[in-house]
Amino acid sequence: MTGEFFKFALLAVLSGLLLAAVVTDLRSRIISNWLNLSIALLAPLYWWACGIDLWPDVALQIGLGVGVFAVFAGLFAIGMMGGGDVKMLAALALWFPWQSLIVLLTIMALAGGVVTLITIIHHRIAKREGPPEIPYGVAISVAALWLVGERYINQFT
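Residues numbered from 1 in each chain as written. Predicted model: local features only at pLDDT ≥ 70, side-chain atom pairs only at ≥ 80, totals over all residues. Heavy atoms only, no water.

### A look at the packing of helix α4 (residues 83-93) against helix α6 (residues 136-153)
The contact between α4 and α6 brings their axes to 10 Å, and the two run at 15°. As summarised for this structure, α4 and α6 are arranged roughly parallel, according to the angle between their axes. Seen from above, α4 lies across α6 with left-handed handedness. Contacts from Asp85, Met88, Leu89 and Leu92 of α4 reach α6 at Tyr136, Gly137, Ile140, Ser141 and Ala144. Per-class residue counts for the contact of α4 with α6 are six nonpolar, two polar and one charged. (Axes fitted to C-alpha atoms, helices over the stretch in contact; angles between N-to-C directions. Helix = DSSP H or I, 4+ residues; strand = E, 2+ residues; numbered from the N terminus. Parallel < 35°, antiparallel > 145°, perpendicular 65-115°, else oblique. Left-handed = near helix turned anticlockwise from the far one by under 90°. Contact = heavy atoms within 4.5 Å. Nonpolar A, V, L, I, M, F, W, Y, C, P; charged D, E, K, R; others polar.)

This is the structure:
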């Protein structure tokens, strides 16, 4: 029971950090490094609470984090993503197995389309100069919150 409570508490903290990322990204279009670092540093505690083995499970999670960072850092390099978004995705990749990570990326892409449309419409209505800055951290957070919630909602169906 204690391990299950600890996992739930860690997922609650992750959810709080994701909500903080939404607020800061909407307000300033910045996801703080301390938020991303907190998400990344809590992942090993989550691994421990879940009882996953160092080999190959933890190694795979670290590999996923590095791989996601590499792919999205490439998108950052060509100006398609913000640095905070890339770091948050890499930190979240430490939390979810590869199957869930694919779901996260799919939901993120769909939510990102909605966020982009809303941002562009708002930008045009407000008649702002220059290109709109898309708060993509909102889409990333929504996708991760979806996965966290799904773990608890689906157990009742």
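### Concerning the packing of aromatic side chains
In total, this model carries two aromatic pairs according to the counting rule given. Between Phe6 and Trp48 the ring centres are 5.7 Å apart and the planes differ by 80°, which places this aromatic pair in the edge-to-face class. Of the two residues, Phe6 is situated in helix α1 (residues 2-28) and Trp48 in helix α2 (residues 33-50); the sequence distance between them amounts to 42 residues. In this structure Phe6 comes out as partly exposed when scored by relative accessible area, which is 28%. (Phe/Tyr/Trp six-rings, centres within 6.5 Å; stacked < 30°, edge-to-face > 60°. Buried < 20%, exposed > 50% of the residue type's maximum accessible area, 1.4 Å probe, protein only.)

### Details of the confidence of the model for the chain
If pLDDT is low for a region, its predicted coordinates should not be looked at in detail. Of the residues in the chain, 96% have a pLDDT of 70 or more, and the chain-wide mean is 94. Across the chain, element-level confidence peaks in α4 with a mean pLDDT of 98 and bottoms out in α6 with 92. (pLDDT = per-residue confidence, 0-100.)

### Regarding α2
With 18 residues, α2 should cover 26 Å at 1.5 Å per step; its first-to-last C-alpha distance of 26 Å lies within 8% of that length. Where α2 bends most, the angle comes to about 25°, and this point is Ala43, followed within four residues by the proline Pro44. Those residues of α2 lying buried are Leu35, Asn36, Ile39, Leu42, Ala43, Tyr46, Trp47 and Ala49. Positioned one or two residues after α2, Gly51 has a phi angle of 75°, which is positive. (Expected span 1.5 Å × (residues − 1). Bend = angle between axes of the 7 residues up to and from the residue.)

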